[in-house]
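Listed here are the chains, written in short residue letters.
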Amino acid sequence: MKKIIVFLLGLCFCSPSFALDSDSVSGLTLESCLRIALENHPSLRKSKGASRVSSAQLEQTKASNRWKVSLTGRTNYNGDYDYWDDGYSEGSLGLSAAKTLYDTGVNRLNREINAEDISSSLEAERETQVSVASGAKKAYYDLVLKILNREVEREKTANLEEHLKTARGIYEVGNSPFVEVTKAEADLAAARVSLLKAENDILVSQEALKVAMGVPDYDSFSLMVSAELLLPQPAGDAEHLLSMAMEDRADYSRAIHSVRKRELEVKAAARDNSPTITGSVGTDLSKREASHSANSYNAGINVNIPVIDGGQVKAKVESARAMLEQDNAEEESLRQTIARDVRSAALSLSSAIDRAKSSEVSVKYAEENLELARGRYEVGVGNPLEVSDAVSTLAGSRYALYQALYDAQIARTELDEAMGHLPPEINIEGNM
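Position numbers for residues count from 1 along each chain, tracking the sequence in the order it is written. A pLDDT threshold of at least 70 governs which residues receive local features in this predicted model, and a stricter bar of 80 or more applies before side-chain atom pairs are shown or counted, although totals over entire chains, interfaces and linings include all residues. In computing side-chain properties, one takes all heavy atoms of the structure into account and sets aside hydrogens as well as water.

Asker: Residues and numbers for the overall build of the protein, please.
Answerer: Comment: elements are numbered from the N terminus, with helices defined as DSSP H or I runs of at least four residues and strands as E runs of at least two. From N to C terminus, the protein includes 10 helices and 4 strands. Of the regular secondary structure in the protein, the N- to C-terminal order runs α-α-α-β-β-α-α-α-α-β-β-α-α-α. Put simply, the protein has 432 residues, and 41% of those count as buried. Sequence separation of 24 or more characterises 84% of the internal contacts of the protein that already satisfy a separation of 6 or more. Residue burial considers only the protein chains on display, and all accessible areas are found by Shrake-Rupley using a 1.4 Å probe. When the accessible area of the protein is evaluated, it comes to approximately 23,800 Å², of which 54% is carbon and sulfur surface. For the exposure calls, accessible area comes from a 1.4 Å probe over protein chains only, and a residue counts as buried if that area is under 20% of its type's maximum, exposed if over 50%, partly exposed in between. By definition in these notes, contact holds between two residues if any of their heavy atoms fall within 4.5 Å.

Asker: So what about the environment of alanine 97? Which residues, and what values?
Answerer: Among the secondary structure elements, alanine 97 is positioned in strand S2 (residues 88–102). Residues alanine 97 and serine 280, 183 residues apart in the sequence, show an inter-C-alpha distance of 5.5 Å. Residue contacts for alanine 97: discarding those within four places in its chain leaves Trp67, Lys68, Val69, Gly279, Ser280 and Val281.

Asker: An account of the packing of aromatic side chains is requested, with residue identities and associated values reported.
Answerer: Any two aromatic rings considered together are summarised by their centre-to-centre distance and by the angle between their planes. In this scheme Phe, Tyr and Trp rings, the latter by its six-membered ring, pair at centre separations within 6.5 Å, and the angle between planes marks the pair as stacked below 30 degrees, edge-to-face above 60, and tilted otherwise. Summed over the entire model, instances satisfying the criterion amount to 2 aromatic pairs. Plain terms: the ring middles of tyrosine 140 and tyrosine 141 are 5.7 Å apart, the flat faces sit at 85° to each other, and that makes the pair edge-to-face.

Asker: For empty space enclosed by the protein, give the residues involved together with the corresponding values.
Answerer: For each structure, a 1 Å grid was placed over the protein atoms alone; sets of points admitting a 1.4 Å probe that cannot get out are labelled cavities, open sets with protein on both sides within 12 Å along at least five of seven lines are labelled pockets, and lining residues have an atom within 4 Å of a point. Grid points are joined across faces, edges and corners, and a volume is the space filled by probe spheres set on the points. Here the structure, examined in full by the defined rule, presents 2 cavities of 30 Å³ or more. For the largest cavity, the calculated volume is near 40 Å³. Mapped onto the lining of the largest cavity, the elements with two or more residues apiece are helix H4 (106–172) and helix H8 (312–378). Among the elements that take part in the lining of the largest cavity, H8 stands out by supplying 3 residues, more than any other. Taken together, the residues that form the lining of the largest cavity break down as 2 nonpolar, 2 polar and 2 charged. Ten residue types, Ala, Val, Leu, Ile, Met, Phe, Trp, Tyr, Cys and Pro, are classed as nonpolar, four, Asp, Glu, Lys and Arg, as charged, and the remainder, Gly among them, as polar.

Asker: Break down unusual backbone geometry for me, citing the residues and quoting the values.
Answerer: Backbone geometry at threonine 104 places phi at a positive 55°, although glycine is not the residue there. Relative to the helices and strands, threonine 104 resides in the loop between S2 and H4. We classify threonine 104 as buried; its relative accessible area is 16%.

Asker: Before we move on, could you go through helix H3 (residues 42–63) and cite the residues and values that matter?
Answerer: An α-helical turn contains 3.6 residues, so any two residues separated by three or four positions project in the same direction. Expected helix span is taken as 1.5 Å per residue step, with the number of steps being one fewer than the number of residues. Over its 22 residues, H3 runs 32 Å from end to end, which matches the ideal 32 Å to within 8%, given 1.5 Å per residue. All of the buried residues along H3 are Leu44, Ser47, Ser51, Ser54, Leu58 and Thr61. With its buried residues spanning 105° around the axis, H3 presents them on a single face. Opposite its buried face, H3 presents the exposed residues Arg45, Lys46, Arg52 and Gln60, each directed more than 90 degrees away. This arc describes the spread of directions from the helix axis toward the C-beta atoms.

Asker: Could you give an account of the environment of glutamate 378, with specific residues and numbers?
Answerer: Position of glutamate 378 among the secondary structure elements: in helix H8. Note on glutamate 378: relative accessible area 48%, which makes it partly exposed.

Asker: Give me the packing of H8 against helix H9 (residues 384–418): which residues, what numbers.
Answerer: The convention used is that axes are lines fitted to C-alpha atoms, helices contributing only their stretch in contact, and that angles between N-to-C directions extend from 0 to 180 degrees. The contact between H8 and H9 brings their axes to 7 Å, and the two run at 160°. In terms of axis orientation, H8 runs roughly antiparallel to H9. With respect to the hand of their crossing, H8 and H9 are arranged in left-handed fashion. Of the residues contributing to the contact of H8 with H9, the split by class is 26 nonpolar, 6 polar and 11 charged. Angle categories are assigned with fixed cut-offs, so that under 35 degrees is roughly parallel, over 145 is roughly antiparallel, 65 to 115 is roughly perpendicular, and the rest are oblique. It is the rotation of the near helix from the far one that decides the hand of a crossing: anticlockwise by less than a right angle makes it left-handed, clockwise makes it right-handed.

Asker: Pulling in residues and values, what's your account of the packing of H4 against helix H7 (residues 250–270)?
Answerer: Axes are the key here: two packed helices are described by the angle between their axes and the distance separating the axes. Running from N to C, H4 and H7 cross one another at 165°; their axes reach a closest spacing of 9 Å. The pairing of H4 with H7 is recorded here as roughly antiparallel in orientation. As for the relative orientation of H4 and H7, their crossing is left-handed in sense. Only Ala250, Asp251, Ser253, Arg254, His257, Ser258, Arg260, Lys261, Leu264, Glu265, Lys267 and Ala268 of H7 make contact with H4, whose side of the interface consists of Leu109, Asn110, Glu112, Ile113, Glu116, Asp117, Ser119, Ser120, Glu123, Ala124, Arg126 and Glu127. For the contact of H4 with H7, the residue count by class is 6 nonpolar, 6 polar and 12 charged.

Spelled out as structure tokens, the structure:
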């Protein structure tokens, strides 16, 4: 394992970085990539907007049971066509206030329903943060993998260039046929084509990372990604991880809030047509031309007792109960999905770590095999096909190693997401 880390760190320092903007000198680390995503991704603004909507709805519900005060005024001129001089003007000004005094607890239930909506919105916002950060981290490591694959193609091309030089030298002294030179030239040409494809893959991954960060059109930073893939920490006990996921997953918390909301809606629906008592007070000032002002006031209590609603309440209760059953089923389904996600990610991580360790050994043997094939060919006892095969085998071993390391990082990211956790690199930066 130490050899993997030393090798990749060495590759990190000797490999040139890939930059979007040649005028910029700032590099984009994984931590800064995650920070940019959490600051700019549009889906986070959408989730924050949903939380504000839920808070506003709670305030509307509270306001519906508070005092309502209204001010009214009127002025007009009265007269007839036959006696214009007998016309007169008059006006009035009124102030009234009303408040629901009793509603069998409907408003309180509605406030509790709104509170559950707010909690669900906050959990949805946290779920979006986890999803955005996970997507950005996966896109970042995809770009890292493409950079490492390009380095494999560069190494392969360099090895084939050296092989071609050796083949020409042996041919010039008359120890091999020219067909060996043409075969080496064909292999080198194919390697250069693969290198061009690897360069294009980097450009594609670069654009995908910008989209994952929520800044697809932003070019004022430099994508200087260090070519570093290290093995993540292995997962712990799957059952312990699952227990943590049930406590930390935002979507599961949201499902719990949804069930509680439905339970409250069943109670609210049962009281939808209950009696209400409303109190009101008011005062009125009126003035007619050439007469005294008239002041009056009023106060009263209005009692409304519904008698027959045509089965409306019964239908609302049945609808609310049906939605409650749906949400209970969704909660159970989500519980099963979480268990599958956590166990699958943990198994994938363990498998990738094992493959990386095996691939490290394969790379070591492939390097030794290439040296032996070169030596045999240079002294005239080897076959040129042995050299080209050894070059391809080394490239394939490095591909397998980098893919295993990449798969391990992706599995670790998916495990964090399955548990409802933000990537630990965010906490390193102190962003959350």
